[in-house]
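Analysis of the macromolecular model
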Amino acid sequence: MKKIRKAVIPVAGFGTRFLPATKASPKEMMPIVDKPIIQYIVEEAVASGIEDIIFVTGRHKRAITDHFDYAPELEYALKKSGKEEYVNLIREISDMANFVYIRQKEQLGLGHAILMAEHVVGDEPFAVLLGDELIYNETNPGIGQLMEVYAKYGKTVLGTTEVPKEETYKYGIVEGKPIEEGIRLINSLVEKPEPEEAPSTSAIIGRYVLTPKIFKILKRTPLGKGGELQLTDALALLREEEVIYSKDIEGIRHDTGNKIGYIKAIIDFALLREDTKDDVSKIILEKAKEIGQ
Ligand code: G1P
């Protein structure tokens, strides 16, 4: 069984839900306190043992490329003004991994974005992380949990969590047979079903370990929901040929792809950090009092 070294991170989306903030800058660069969302995602992958990060990117995403590159002018200016502590902080970002950028020339769906990475991934299993979901687990990073399941079973693994029934239309939903605590052997998958059609409330939350076989399947997957090439549809076809596992990811999950989830993530992270937690708790308590009156 080959070791998982590569992660594909699709970042070509427009970020419509955050307009006007995303008119000229990528949604992935929006900060949670002072760190862009995309850096949390890359850190999760690196903490799990990933060495190569493959971004599937698009127009107007240059800020992401710059963020993971060296910034010699900035480093020089920081050194000159005695702010050495920031020099390491910004340099470490670029040294975390090898970064590769692929342009997705047109946006034809998540499945299409993954297919764009075929020639860089090659004949190896690989991880996929979507930037809309942050998973906080200090000791056992989200994608690493799936990599452990892959190491044991050697097949595709999808990261899942339970969602309220009325929210199934937002996710790929899987149904399967539990074989171990939190691990299922999947019977069926469906992309964004209405609650009454959902086979379960087990939702895919933007973390996958895939095998290179998925590329061949994506090429023959018909367009699905929204006229897009859906990864979930390709996985449903793969399921006809071989077993697929799901793993309930342990950790605190934030859906930063919508406004309320994003605001909540900022509050939660600010409450976890030594430098912000006391002040932010005070603000929250004051506000709660104000609102309660
Ligand atoms: C994508 C996938 C969906 C998955 C979701 C997780 O949808 O198509 O199966 O549950 O990510 O975030 P999107 O949210 O990009 O529309």
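Here the structure is a predicted model, which means the values were calculated and not measured. (Residues numbered from 1 in each chain as written. Predicted model: local features only at pLDDT ≥ 70, side-chain atom pairs only at ≥ 80, totals over all residues. Heavy atoms only, no water.)

What to know about the site of the ligand
Note the cut-off: Here a residue is near a molecule or strand as soon as one of its heavy atoms is found within 4 Å of it. Polar contacts here mean pairs of N or O atoms no more than 3.5 Å apart (in protein, one a potential hydrogen donor and the other a potential acceptor; neighbouring residues in sequence count only if both atoms are side-chain atoms). Per-residue and other accessible areas follow the Shrake-Rupley method at a 1.4 Å probe size, with only the shown protein chains counted as cover for residues. Each cavity reported here is a set of points on a 1 Å grid over the protein atoms alone in which a 1.4 Å probe fits but cannot get out, each pocket an open set with protein on both sides within 12 Å along at least five of seven lines, and each lining residue one with an atom within 4 Å of a point. The rule for placing a molecule in a cavity or pocket is simple: more than half of its atoms must lie within 2 Å of the grid points. Secondary structure elements are defined from DSSP: runs of H or I of at least 4 residues count as helices, runs of E of at least 2 residues count as strands, and each element is numbered from the N terminus. When residues are sorted by character, Ala, Val, Leu, Ile, Met, Phe, Trp, Tyr, Cys and Pro go into the nonpolar class, Asp, Glu, Lys and Arg into the charged class, and all the rest, Gly among them, into the polar class.
In the vicinity of the ligand, the residues found are Leu110, Leu130, Glu133, Tyr171, Gly172, Glu191, Lys192, Ile204, Gly206, Tyr208, Gln230 and Thr232. Contacts to the ligand include Glu191, whose side-chain N or O atom sits 2.6 Å from an oxygen atom. With the chains in place, 80% of the 380 Å² that the ligand exposes on its own is no longer accessible. Put simply, the ligand lies in the largest pocket. The element that contributes the greatest number of residues to the shell around the ligand is strand 11 (residues 202-210), accounting for three residues. A breakdown of the residues in the shell around the ligand according to their chemical character gives five nonpolar, four polar and three charged.

Description of the environment of Ile4
Keep this limit in mind: Exposure is judged per residue with a 1.4 Å probe applied to protein chains only, and the accessible area is read against the type maximum: over 50% gives exposed, under 20% gives buried, and values in between give partly exposed. Any pair of residues with heavy atoms lying within 4.5 Å of one another is described as a contacting pair.
In this fold, Ile4 is placed in the segment before strand 1 (6-10). Relative accessible area serves as the criterion here: at 5%, Ile4 is assigned to the buried category. Sequence separation between Ile4 and Ser48 is 44 residues; the distance between their C-alpha atoms is 9.7 Å. For Ile4, the residues in contact, after removing those within four places along its chain, are Gly49, Ile50, Pro125, Phe126, Ala127, Met147, Tyr150 and Val209.

Regarding the nonpolar core
Definition in use: By convention a nonpolar core is built from buried Ala, Val, Leu, Ile, Met, Phe, Trp, Tyr and Cys residues, the set being connected through side-chain atoms within 4.5 Å.
Core analysis: the biggest nonpolar cluster contains 39 residues, and Ile9, Ile53 and Phe55 have the highest contact counts within it. Within the residue set of this core, elements represented by two or more residues are strand 1, helix 1 (37-47), strand 4 (52-57), strand 6 (126-129), strand 7 (133-136), helix 7 (142-153), strand 11 and helix 10 (259-272). With six residues, helix 1 is the largest single contributor of residues to this core. Leave out the neighbours within four places in its chain, and Ile9 touches Ile38, Ile41, Val42, Ile53, Ile54, Phe55, Val56 and Leu129.

Some details on the layout of surface pockets
With a probe scaled to a water molecule rolled over the atoms, the places where space remains empty come into view. Using the following cut-off: Grid points are joined across faces, edges and corners, and a volume is the space filled by probe spheres set on the points.
For the largest pocket, the calculated volume is near 1200 Å³. The wall of the largest pocket is formed by 40 residues, among which Arg17, Lys27, Leu130, Asp132 and Lys192 lie closest to the centre. Among the elements of the structure, helix 5 (110-116) and strand 11 are those that each provide at least two residues to the lining of the largest pocket. In terms of residues, the lining of the largest pocket owes the most to one element, strand 11, which gives three residues.

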